[in-house]
Amino acid sequence: MAVRRSRRMLVLGAAAAWILLLAGLAFWTANPVTLNLASISLARESGAVIIGEVVEVRKPDSEEKPPETSAPDYSVRVVEVLGAKPGFADDFGIAIGKSAGVVDTSHYQPKVGEKLVLPLLLHSSVHLMQTTGRPYAATPRTIADVKNVLEDAAPSGR
């Protein structure tokens, strides 16, 4: 009886160790975020790329909403402007500390307080911005990668 019990404990211990090993591998070897370079470049050339903190989330009325809707999916407070078309930020009031309504074409559901890197274009209204792709969590690595992409895309005369 004691032998069965020790075998059972050995098997359970091995299973727990295996699960911990797999969880550790998944955590330490996870792939980094892949940036959509076309989306970021388009926003840099025709709009703005910002870091925004989500201050309000609007609950979707339905799964399918018409693209011409004038209500934002969420609002963000601009934390930093990483890159923008010359004059775009000034013309449309994109400045640090100001709020902007975002129409998210990727159907991403952010949480209040979450910081996101947002590639934005002007929507059908002066007060709304539209994402050009899925927003990215504003981690230090993602911000550094986006800044590198924006530097590479900048005109060479600077």
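In this text the structure is predicted, and so the values were computed from the model without any measurement.

Caption draft 1: Focus on the overall build of the chain. Along the chain, the regular secondary structure elements total 4 helices and 6 strands. Put simply, the chain runs from its N terminus to its C terminus through helices and strands in the order α-α-β-β-α-β-β-β-β-α. For the chain, the residues scored as buried account for 33% of the 158 residues in total. A separation threshold of at least 6 residues defines the contact pool for the chain, and within that pool the share at least 24 residues apart is 71%.

Caption draft 2: Seen up close, a positive patch on the surface. A cluster of basic side chains, namely Arg 4, Arg 5, Arg 7 and Arg 8, defines a positive patch on the protein surface. As for its position among the elements, Arg 7 is in helix 1 (residues 2-28).

Caption draft 3: Expanded view of helix 2 (residues 37-46). For helix 2, the full list of buried residues reads Ser 39, Ile 40, Ala 43 and Arg 44. Taken around the axis of helix 2, the buried residues stretch over an arc of 130 degrees, which confines them to a single face. Facing away from the buried side of helix 2 by more than 90 degrees, the exposed set consists of Ala 38 and Glu 45.

Caption draft 4: Summary view of the nonpolar core. Among the nonpolar cores identified, the biggest contains 16 residues, and Ile 50, Tyr 74, Val 76, Ile 94 and Leu 118 are the most heavily contacted of them. When contributions to this core are tallied by element, the ones reaching two or more residues are strand 1 (48-57), strand 2 (74-84), helix 3 (88-91), strand 3 (99-103) and strand 4 (115-122). Filtering out sequence-adjacent residues up to four positions away, Ile 50 remains in contact with Val 76, Val 78, Glu 80, Val 81, Leu 82, Ile 94, Leu 116, Val 117, Leu 118 and Leu 120. One finds Ile 40, Leu 82, Val 117 and Leu 150 within the second-largest nonpolar core, a separate group that totals 13 residues.

Caption draft 5: View of the side chain of Asp 104. Relative to the helices and strands, Asp 104 resides in the loop between strand 3 and strand 4. Separated by 2.5 Å, the side chains of Asp 104 and Ser 106 make a polar contact. In this structure Asp 104 touches Asp 73, Tyr 74, Thr 131 and Pro 135, once residues within four positions along its chain are discounted.

Caption draft 6: Local environment of helix 1. Its 27 residues give helix 1 an end-to-end C-alpha distance of 38 Å, which sits within 8% of 39 Å, the value for a rise of 1.5 Å per residue. For helix 1, a buried count of 1 out of 27 residues is recorded, marking the element as mostly open to its surroundings.

Caption draft 7: Just the pattern of salt bridges, in detail. In the structure shown here, the tally under the stated rule is 3 salt bridges. One salt bridge in this structure joins Arg 77 and Glu 53, with 2.5 Å as the shortest N-O distance. Taken together, the residues Arg 77 in strand 2 and Glu 53 in strand 1 connect sequence positions 24 residues apart. The closest approach of N and O atoms between Glu 80 and Lys 147, which form a salt bridge, is 3.5 Å.

Caption draft 8: Quick peek at the side chain of Arg 44. In this structure, Arg 44 sits in helix 2. Buried and without a salt bridge, Arg 44 has Glu 45 as its closest oppositely charged side chain, separated by 7.6 Å.

Caption draft 9: View of the environment of Lys 98. Among the secondary structure elements, Lys 98 is positioned in the loop between helix 3 and strand 3. Along the backbone, Lys 98 and Gly 52 are 46 residues apart, and their C-alpha atoms lie at a distance of 9.7 Å. Leaving out residues up to four positions away in the same chain, Lys 98 has contacts with Val 76, Arg 77, Val 78 and Gly 93.

Parameters and conventions
- Residues numbered from 1 in each chain as written.
- Predicted model: local features only at pLDDT ≥ 70, side-chain atom pairs only at ≥ 80, totals over all residues.
- Heavy atoms only, no water.
- Helix = DSSP H or I, 4+ residues; strand = E, 2+ residues; numbered from the N terminus.
- Buried < 20%, exposed > 50% of the residue type's maximum accessible area, 1.4 Å probe, protein only.
- Contact = heavy atoms within 4.5 Å.
- Patch = residues over 30% accessible without salt bridge, like charges linked within 9 Å, V, L, I, M, F, W, Y side chains within 5 Å.
- Areas by Shrake-Rupley, 256 points an atom, 1.4 Å probe, with all protein chains shown as cover.
- Salt bridge = Lys/Arg side-chain N within 4 Å of Asp/Glu carboxyl O.
- Lys, Arg positive; Asp, Glu negative; His and termini not counted.
- Charge placed at Lys NZ, Arg CZ, Asp CG, Glu CD.
- Arc of directions from axis to C-beta.
- Core = buried A, V, L, I, M, F, W, Y, C linked by side-chain atoms within 4.5 Å.
- Polar contact = N/O pair within 3.5 Å; in protein donor to acceptor, adjacent residues only side chain to side chain.
- Expected span 1.5 Å × (residues − 1).

The values reported here are purely geometric and, on their own, carry no functional implication.
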